[in-house]
Amino acid sequence: MTSRFLSTEKAPAAVGPYSQGVKAENIIFTSGQLPIDPATGELSKGDIQKETRLCLENVKAVLEAAHGSIEHLVKVTVFVTDINDFSKINEVYAEFFGDHKPARSLIQVAALPKGADIEIEGIAVI
């Protein structure tokens, strides 16, 4: 099996010793994407809907680096520090994906890197 580590300037650089994603044959695994603006490197805080959109855009950028798209996503995992944000996240998520509905888990966690409120990762098949 061949695999390729993914890197794009259209998504924030990894905050540790890992890649933004990996393409293994026809499967793309994105690393968790924080709500970091790739142009400025700044972490977005205080508006969970803006943060959700930024995470999803970062996942999309990693997929596109491997010639994939959000329509190829089959599984998404969302990590949040406050489960009470569930409905606000769902609003943005539904708008972003439209009729494409990959399987999803949304999990509350105690903390995320850089003090983020949300992190999103995905698995795509192309």
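First things first, this report covers the structure right here in the doc.

The rules we used
- Residues numbered from 1 in each chain as written.
- Predicted model: local features only at pLDDT ≥ 70, side-chain atom pairs only at ≥ 80, totals over all residues.
- Heavy atoms only, no water.
- Helix = DSSP H or I, 4+ residues; strand = E, 2+ residues; numbered from the N terminus.
- Rg over C-alpha atoms; globule rule 2.2 N^0.38 Å.
- Buried < 20%, exposed > 50% of the residue type's maximum accessible area, 1.4 Å probe, protein only.
- Contact = heavy atoms within 4.5 Å.
- Areas by Shrake-Rupley, 256 points an atom, 1.4 Å probe, with all protein chains shown as cover.
- Lys, Arg positive; Asp, Glu negative; His and termini not counted.
- Charge placed at Lys NZ, Arg CZ, Asp CG, Glu CD.
- Salt bridge = Lys/Arg side-chain N within 4 Å of Asp/Glu carboxyl O.

1. With respect to the overall build of the protein
Moving on, step 1. A tally of regular secondary structure across the protein gives 2 helices and 6 strands.
Moving on, step 2. Mapped in sequence order, the helices and strands of the protein form the string β-β-β-α-β-α-β-β.
Moving on, step 3. Against the 2.2 N^0.38 benchmark of 14 Å for 126 residues, the protein shows a C-alpha radius of gyration of 14 Å, consistent with a compact globule.
Moving on, step 4. Seen through its C-alpha atoms, the protein measures out along the principal axes to roughly 40 × 30 × 25 Å.
Moving on, step 5. Within the protein, the fraction of its 126 residues that count as buried is 44%.
Moving on, step 6. At a minimum sequence separation of 6, the contacts of the protein that also span at least 24 residues come to 71%.
Moving on, step 7. Surface accessibility of the protein: about 6600 Å² in total, with carbon and sulfur atoms responsible for 53%.
Moving on, step 8. Charged side chains in the protein number 12 positive and 17 negative. The centres of these two groups are separated by 3 Å.

2. Thoughts on the pattern of salt bridges
Moving on, step 1. Applying the stated criterion across every chain, the model contains 2 salt bridges.
Moving on, step 2. Residue Lys45 is joined to Asp117 by a salt bridge in which the shortest nitrogen-to-oxygen separation is 3.0 Å. Taken together, the positions of Lys45 in the loop between β3 (27-30) and α1 (48-65) and Asp117 in the loop between β5 (103-108) and β6 (118-125) put the pair 72 residues apart, joining distant regions of the chain.
Moving on, step 3. For Glu95, the salt bridge goes to Arg53, with nearest N and O atoms at 2.4 Å.

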